[in-house]
Amino acid sequence: MSREAAPATGSDPDTGAVPALATPLTELTGVRYPIVQTGMGWVAGPRLVSATAEAGALGILASATMTPGQLRSAVREVKSRTDQPFGVNLRADAGDAADRVRIIIEEGVRVASFALAPSRELIARLKDAGVVVIPSIGARRHAEKVAAWGADAVVVQGGEGGGHTGSVATTVLLPQVVDAVDIPVIAAGGFFDGRGLVAALAYGAAGIAMGTRFLLTSDSTVPPAVQDRYLAAAVTDVTVTTKVDGLPHRMLRSELVRTLERSGRASALVRAVRHAASFRKLSGLSWSRMVRDGLAMKHGKDLTWSQVLLAANTPMLLKASMVDGRTDLGVMASGQVAGVIEDLPSCAELVARIMTEAHRTLAGLPR
C-alpha cells in the first residue's frame with residue numbers, strides 16, 4: 001500500500017483537463033464533474049474543500065464541528081482559495097441551524113447540504129436566497145418528503161457508506177429513490193472510482209458523493225498515522241456498531257470500538273459525560289443547548305441518556321482521531337471502500353483519474 005499518487009491519464013492534450021461530463025448535478029451546481037466530496041466533521045475543512053472545488057468537483061464544508069464564527073471564517077477562507085462553487089453541510093436538528101443558514105446566505109455559498117432532512121421553512125429560506133438545497137437521506141420516504149418540500153436534489157447513501165448509515169445497500173436503495181422523485185439523485189456509499197460513477201449514472205443518478213475516498217487524499221488534513229490505519233484496513237476491518245450513540249455507525253474496528261461494545265450502561269454514561277464536558281468547552285455550547293440538541297436527537301428514537309450524550313459529543317470522538325491522531329481514543333468513521341483504497345492522490349489527481357476512467361468505461365460499453 002502506498003502513500004504516493006498514481007498519475008491520471010486520458011486528459012485533453014491541449015488543456016490538460018479531462019473532458020467535462022454534464023449531468024443534472026453539474027447543471028444545478030455549476031461544477032465541471034458530477035462528483036461530490038461529502039461534509040465530514042473535522043475532515044472537510046477549507047483546504048480539502050477548496051482543493052476539491054479547484055479539481056472541478058463539489059466540495060462540501062463540514063460545519064457541525066464549528067462555531068458560527070468559525071463557519072463564517074472557514075467559508076471566507078475557501079473563497080480566498082478558489083472561485084469555484086462549493087457548499088456547506090449543516091445539521092438540520094442543531095439549535096442554531098437558522099443562524100448557520102443566515103451565514104450561508106450572507107456569504108453567498110452556492111450549496112447547502114444537510115445530514116438530516118431540513119424543515120420546510122429552512123428549505124424555503126435558502127431557496128428564496130438562491131441557494132441550492134441538497135439533503136442527505138437514507139430511505140425512499142425521506143427523499144419523497146424533502147422533494148415535496150422543495151429540495152433541489154438529494155444525496156442517497158446506502159449501507160456501505162461511512163458514519164451514520166442504514167442497512168439497505170446502495171444498489172437496492174438508489175434505484176428506489178431514482179424512481180420515486182423527479183429531482184437529481186446523487187449516489188453515496190461504496191464509490192471510489194470511475195466505474196462506480198458510470199454504474200451510478202446507469203441507475204439514473206446524477207453523480208456520486210464520496211467521503212472516505214476524499215479523506216484519503218494528500219489534500220486531507222487527517223494525520224498520517226490515521227490515514228495509514230485506513231490504508232491498511234481490509235473490507236472486513238470496517239464494522240457497524242450502535243454503541244457510539246445508539247444509531248448504526250460504520251467505522252474502522254479499533255480498541256475504542258471494542259471497549260464501547262463491552263461497556264455496561266454505567267461506564268458508558270461516565271464516558272459520555274466526560275466527553276460531553278470536553279465538547280462543551282471546545283464548542284462554546286452551554287449545557288442547556290447541549291441538552292436541547294440531545295433531546296432533538298432522542299425524539300422518536302429509543303436512546304439511553306448515555307447514548308444521547310455520546311450523540312451530542314460524537315464530534316469529540318472524531319476529533320481525537322481526525323485532528324489529534326489518536327487512533328486508540330478516537331472514532332474513525334469509514335465506508336467499506338477503505339478496504340480497497342491503497343493510495344493518497346491529490347484531489348486534482350483523484351478527480352482526473354475518476355473522470356478519465358469514467359469516460360473510458362462509457363466508451364467501452366456495448367452499443
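Parameters at a glance
- Residues numbered from 1 in each chain as written.
- Predicted model: local features only at pLDDT ≥ 70, side-chain atom pairs only at ≥ 80, totals over all residues.
- Heavy atoms only, no water.
- Helix = DSSP H or I, 4+ residues; strand = E, 2+ residues; numbered from the N terminus.
- Areas by Shrake-Rupley, 256 points an atom, 1.4 Å probe, with all protein chains shown as cover.
- Salt bridge = Lys/Arg side-chain N within 4 Å of Asp/Glu carboxyl O.
- Buried < 20%, exposed > 50% of the residue type's maximum accessible area, 1.4 Å probe, protein only.
- Arc of directions from axis to C-beta.
- pLDDT = per-residue confidence, 0-100.
- Contact = heavy atoms within 4.5 Å.
- Pairing = 2+ DSSP bridges.
- Axes fitted to C-alpha atoms, helices over the stretch in contact; angles between N-to-C directions.
- Right-handed = clockwise from strand over helix to strand, strands pointing away.
- Core = buried A, V, L, I, M, F, W, Y, C linked by side-chain atoms within 4.5 Å.

## Overview of the overall build of the protein chain
So, point 1. On a plain count of helices and strands, the protein chain comes out with 15 helices and 11 strands.
So, point 2. On the protein chain, roughly 15400 Å² of surface is accessible, and the fraction owed to carbon and sulfur atoms is 53%.

## Examining the pattern of salt bridges
So, point 1. By the definition in use, this model includes 15 salt bridges.
So, point 2. Close ionic contact of Arg195 with Asp193 constitutes a salt bridge, the shortest N to O distance being 2.7 Å.
So, point 3. Where salt bridges share partners, they join Arg72, Arg76, Arg102, Glu106 and Glu107 into one cluster.

## Some remarks on helix α11 (residues 255-262)
So, point 1. Within α11 the residues assigned to the buried category are Leu256, Val257 and Leu260. Here the buried residues of α11 occupy an arc of 100° about the axis, which is enough to place them on one side.

## As for the confidence of the model for the protein chain
So, point 1. Per-chain confidence: the protein chain averages 89 in pLDDT, with 82% of residues scoring 70 or above.
So, point 2. Residue range residues 5-9 is modelled with pLDDT below 50. Its contacts to residues more than four positions away, or to other chains, number 11 contacts.

## Side note on unusual backbone geometry
So, point 1. Positive phi values are uncommon outside glycine, yet Trp42 reaches one of about 70°.
So, point 2. Tracing the sequence through the fold places Trp42 in the loop between β1 (35-37) and α2 (46-54).

## Quick notes on the sheet that holds strand β2 (residues 58-62)
So, point 1. With parallel pairing, eight strands are arranged side by side around a closed barrel as β1-β2-β3-β4-β5-β6-β8-β9. Put simply, the sheet's adjacent strands are angled 25° from each other on average, direction ignored.
So, point 2. Sheet topology places strand β6 (residues 154-157) next to strand β8 (residues 185-188); four bridges connect them, and they run parallel. Directly across from Gln157, in β8, lies its bridge partner Ala188.

## Description of the pairing of β6
So, point 1. When strand β5 (residues 132-137) meets β6, the two strands line up parallel, connected through two bridges. In the strand pairing of β6, Ser136 is matched with Val155.
So, point 2. In this region the chain leaves β5, passes through helix α6 (residues 140-148) and returns to the parallel neighbour β6; the handedness of that crossover is right-handed.

## Quick notes on the nonpolar core
So, point 1. Core analysis: the biggest nonpolar cluster contains 63 residues, and Ile35, Val177, Tyr230 and Met322 have the highest contact counts within it.
So, point 2. It is helix α15 (residues 347-364) that contributes the most residues to this core, seven residues altogether.
So, point 3. Aside from chain neighbours lying at most four places away, what touches Ile35 is Leu25, Ala57, Leu58, Ile208, Met210, Phe214, Val351, Ile354 and Met355.
So, point 4. Counting residues in hydrophobic clusters, the runner-up holds 25 residues, among them Leu71, Ile103, Phe114 and Leu122.

## Description of the pairing of β8
So, point 1. The two faces of β8 match: Val185 and Ala187 on one face and Ile186 and Ala188 on the other face are all buried.
So, point 2. Relative to strand β9 (residues 207-210), β8 runs parallel, the two being bridged by three bridges. Pairing of Ile186 across the sheet is with Gly207, part of β9.
So, point 3. Read as a crossover between parallel neighbours, the route from β8 over helix α8 (residues 194-203) to β9 is right-handed.

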